[in-house]
Amino acid sequence: MSNRQLAFILFGIMFGYGSIGLPKALAENAATGGWVSILIATLLALISTTILVYLGMTHQNKTFYDYSKELSEKYTATILTLLYIVFMFIMFTLINKLSSDVFKQTILRNTPNWALITVFLITAYYAVIKGIDTIARLCEVYGLIIILFGVVIHFIAFTQGDLIRMQPFFVAEDLANYFDGAIKAKLAFSGMAIFSAIPFIKKQNHTIYIYSAMMLLLIAMLYIIQFESSIAVMGIDSIVFYRDALFTAIRRVDVPSLQFLRRLDAIFIISFIISIFLNITLFVYGTVFHLSKLLPKVSFRLLAFAVLSLSFLVCQLPMSFDEGANLLETASLAGGLILNPVNLILLLLSKVKKSDKKVC
Amino acid sequence: MTKKYVSLLLVIMLPTLLLTGCWDYHDINMTNISISTGVDIVNGQIEYTGEVAKIAPAQAKGNENGGGGIGVYNFYAYGKDLEQARAAFDAGVPYPHFLGAARAVIFSTSYAKQSIAPYLHRIAQINDYRKTILPVISRDHPAELFKLKVESDISVAFLIEDMMSSLTKQGKAIYPTVGHLLSDDDIKTIGELIPYVGIEEGSIKYLGLAVLKNLKMVGTINLKDTSGVVYLLAKKPSITENLPGIENKNNTFSLLTSLKKRTFNTDYVDGKLIINIDMNFDATLNYQYYTESTDEKKLKVLEDLVAQSIQGKIIKIIAMSQKEFDCDFIGFAKYFRAQHPLIYRKINWEESYRNADFFVNIQVNIHNLNLADPNARTLYFK
């Protein structure tokens with residue numbers, strides 16, 4: 001897999017559901033200095049991504065289960081892989097459930113949630129069984145569409161916004177709040193875990209560190225554009241009342257000179273659906289891939305079907321939007337707090353083994 | 001191979017069947033397309049009124065209210081609150097009401113004095129309402145407005161929206177949307193302005209601006225005084241200034257001003273709020289009532305006179321906001337907060353604003369005589 005594809009996979013899994021509530025989270029915690037929080041969160045995400053990429057590059061052509069088994073033992077590796085499975089399963093199930101709620105509330109009022117959830121699951125199933133190469137190519141194409149739409153929509157929104165609502169850009173006394181904002185932005189930076197399910201080849205992927213860093217920077221720039229254009233339109237005082245802040249801000253923009261495209265929400269919804277599809281598909285792939293490592297005898301298709309069926313059933317559990325959103329926040333935080341130290345320990349073990357070899 | 005295509009077909013077909021095809025499909029003929037909404041208080045009850053588009057079959061029969069073959073009909077419903085009034089409306093219409101095409105929402109003065117917040121929040125949260133819809137306050141009952149036969153546009157709401165949109169494009173008015181009002185209200189320390197309309201000589205007219213404090217109407221600004229507001233708030237204000245002749249007292253200079261640069265600088269010195277307003281204008285001498293020669297010196301005098309006129313209008317509006325309405329409806333708090341965030345968190349803005357000192361500095365440059373040459377002379381000049 002090429003470096004560009006890997007970078008777009010990172011984009012596909014990270015950029016999507018997390019962005020919809022990001023302006024609210026940042027406005028609440030960092031006010032107009034939210035862009036600083038995004039940069040801090042990017043730095044944290046870069047560290048997590050680099051650790052995973054390093055592990056992949058050190059253990060060529062192997063994925064998380066393989067190298068954790070090498071570095072520890074089968075039993076520990078199984079438990080650690082299960083952590084990834086549970087994390088990714090919770091992520092895509094909740095993203096699917098919550099985004100279905102958003103679509104139901106905004107465009108498809110009478111369509112039942114189960115129908116929306118099913119649509120995402122069957123399309124994700126179709127993509128997942130085609131393998132990571134197909135998904136990677138999808139990520140490249142869809143990624144470009146999402147970036148293009150995102151930049152155009154939000155630059156148009158800027159023209160309708162008010163520059164004064166974006167200020168003050170930086171308040172030195174609020175630095176601690178900016179760090180709080182960065183923690184609250186974690187959901188928008190979740191997803192680098194997918195690199196645990198992708199084998200790297202040193203010869204082909206030696207510049208992946210730069211590619212992934214550049215992609216994280218691009219994601220950060222897009223988040224900053226989204227955040228700034230949203231607060232230019234709505235102001236921080238208003239945006240905090242909306243869980244779907246980004247969507248609400250877009251709906252407050254009307255450009256009569258664009259004629260039939262005067263309402264930007266129509267284009268926004270298309271790009272949002274595509275990005276949600278990528279989020280779900282990649283998390284599903286990660287879940288099924290890790291599971292297939294633990295159960296090598298069961299076919300990949302059967303595992304995918306079982307995982308998606310279970311996810312459908314979990315989506316039917318009675319859960320309000322707020323409960324789901326809080327659970328997703330907690331899952332992304334817990335994922336970061338558990339998986340990052342695990343990866344760091346594995347990295348240290350790799351280093352120790354490497355130096356042992358050298359000594360020998 | 002066939003199996004592959006069958007599964008692909010299934011993937012394509014299922015979403016089509018599961019989404020709009022089954023649940024959210026609505027034929028346009030089976031929908032009440034709302035053009036406008038009016039909210040009033042009549043005999044202690046909420047009056048929910050407005051205009052609904054007549055779809056094709058109605059056009060064939062002709063219509064009384066609309067022009068150009070597109071018609072509207074009016075509706076009236078009453079209830080103790082918004083929900084009951086809406087329920088009363090729903091009980092008498094054949095199809096579900098669609099609000100996404102509404103052009104304007106018209107509040108009566110009596111309703112606006114109580115607070116338009118409930119209806120604005122309704123618009124913000126109800127899915128199909130456009131958040132960029134134009135809100136206006138009417139001096140006369142909205143029901144009276146809807147009864148008027150509009151000759152110049154499709155319907156009352158279209159007329160109001162087109163009128164305000166055209167004036168705003170020309171730089172002679174402001175066009176706040178529901179979204180703007182809600183965003184400003186959430187700041188809590190600033191007021192809002194909203195177009196004020198009414199019936200004059202049998203037709204609907206833009207009468208000026210209504211001032212809102214916490215989304216409650218506290219007064220109005222006459223149309224002739226709104227220039228000061230437009231100079232301060234419009235994106236590209238462009239207003240005609242008339243000045244008496246300098247040598248010929250019967251003459252009048254008609255100048256069109258256009259804003260080049262506007263900055264609001266705020267400060268807080270010894271517990272006193274100071275606001276500096278600096279504005280640069282270009283002006284075009286449209287024409288003179290009687291041709292009077294102009295030279296550089298005279299143009300300089302004219303520039304100073306225009307600057308004084310603009311300054312006077314701005315100072316008048318600021319004085320109104322500080323004394324008459326006791327409300328920062330221009331929104332200087334946004335600028336102060338951006339420039340001095342830490343001080344803003346500590347002070348009582350309303351009190352500071354009441355006693356604030358304003359310094360208004362206006363520069364005007366007449367750069368264009370509209371291609372006229374008032375100094376031209378012929379051989380026969382007397």
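See the structure printed just above.
Residues numbered from 1 in each chain as written. Chains lettered and ligands numbered in written order. Predicted model: local features only at pLDDT ≥ 70, side-chain atom pairs only at ≥ 80, totals over all residues.

Trainee: So what's going on with the interface of chain A and chain B? Residues and values would help.
Mentor: Each side of the interface is counted separately: chain A has 25 residues, and chain B has 22 residues. Looking at the side of chain A that touches chain B, the elements with two or more residues in it are α6 (74-106), α7 (113-129) and α12 (236-239) of chain A. The element best represented in the side of chain A that touches chain B is α7 of chain A, accounting for six residues. Within the side of chain A that touches chain B, the residues separate by chemical class into nine nonpolar, nine polar and seven charged. (Contact = placed C-beta atoms within 7 Å. Helix = DSSP H or I, 4+ residues; strand = E, 2+ residues; numbered from the N terminus. Nonpolar A, V, L, I, M, F, W, Y, C, P; charged D, E, K, R; others polar.)

Trainee: Talk me through the environment of Ser115 of chain B; I want residue IDs and the actual numbers.
Mentor: Residues and elements named next belong to chain B. With respect to the helices and strands, the residue Ser115 is situated in the loop between α4 (109-114) and α5 (117-125). Classification of Ser115 by C-beta neighbours within 10 Å gives partly exposed; the count is 16. Through-space distance from the C-alpha of Ser115 to that of Lys216 is 4.2 Å; in sequence the pair is 101 residues apart. (Buried ≥ 20, exposed ≤ 12 C-beta atoms within 10 Å, placed from the backbone.)

Trainee: Can you lay out helix α9 (residues 175-184) of chain A for me, pointing to particular residues and giving the numbers?
Mentor: Residues and elements named next belong to chain A. Every buried residue of α9 is listed here: Tyr178, Gly181, Ala182 and Lys184. Down the axis, α9 shows its buried residues gathered within 160 degrees of arc, on one side only. The elements touched by buried residues of α9 are α3 (22-30) and α4 (34-58). (Arc of directions from axis to C-beta.)

Trainee: Lay out the environment of Thr284 of chain B in plain terms, naming residues and giving numbers.
Mentor: All names here are of chain B. Counting through the fold element by element, Thr284 comes out in strand β12 (residues 272-288). Between the C-alpha atom of Thr284 and that of Gly38, which follows or precedes it by 246 residues, the distance is 41 Å. When residues no more than four places from it in sequence are discounted, the contact partners of Thr284 are Leu255, Leu256, Asn368 and Asn370.

Trainee: Provide a residue-level description of the sheet that holds strand β10 (residues 240-244) of chain B, including the pertinent values.
Mentor: Each strand in a sheet pairs with its neighbour through backbone hydrogen bonds, running either in the same direction (parallel) or in the opposite one (antiparallel). Residue and element names in this part refer to chain B. An order of β10-β11-β12-β13 is seen for the four strands of this open sheet, with the pairing classed as mixed. Of all strands in the sheet, those with a lone pairing partner are β10 and β13 (357-368), marking the two edges. Put simply, the sheet's adjacent strands are angled 35 degrees from each other on average, direction ignored. Across five bridges, the pairing between β10 and strand β11 (residues 252-269) is antiparallel. Bridge pairing in β11 links Leu243 to Phe253. Along the sheet, helix α10 (residues 296-324) makes contact with β10, β11, β12 and β13, crossing β13 at roughly 145 degrees. Together, β11 and β12 form the strand contacts of helix α11 (residues 332-339), whose direction differs from that of β11 by roughly 45 degrees. (Pairing = 2+ DSSP bridges. Axes fitted to C-alpha atoms, helices over the stretch in contact; angles between N-to-C directions.)

Trainee: Can you tell me about unusual backbone geometry, naming the residues and giving the values?
Mentor: Both trends apply: most residues other than glycine have a negative phi, and most peptide bonds are in trans. Looking along the chain, the bond that leaves Gln167 of chain A and enters Pro168 of chain A is cis, with omega of 5 degrees. Backbone geometry places Asn214 of chain B, a non-glycine residue, at a positive phi of 50 degrees. By the secondary structure assignment, Asn214 of chain B is in the loop between β8 (203-213) and β9 (216-222). Judged by the 12 C-beta atoms lying within 10 Å of it, Asn214 of chain B is exposed.

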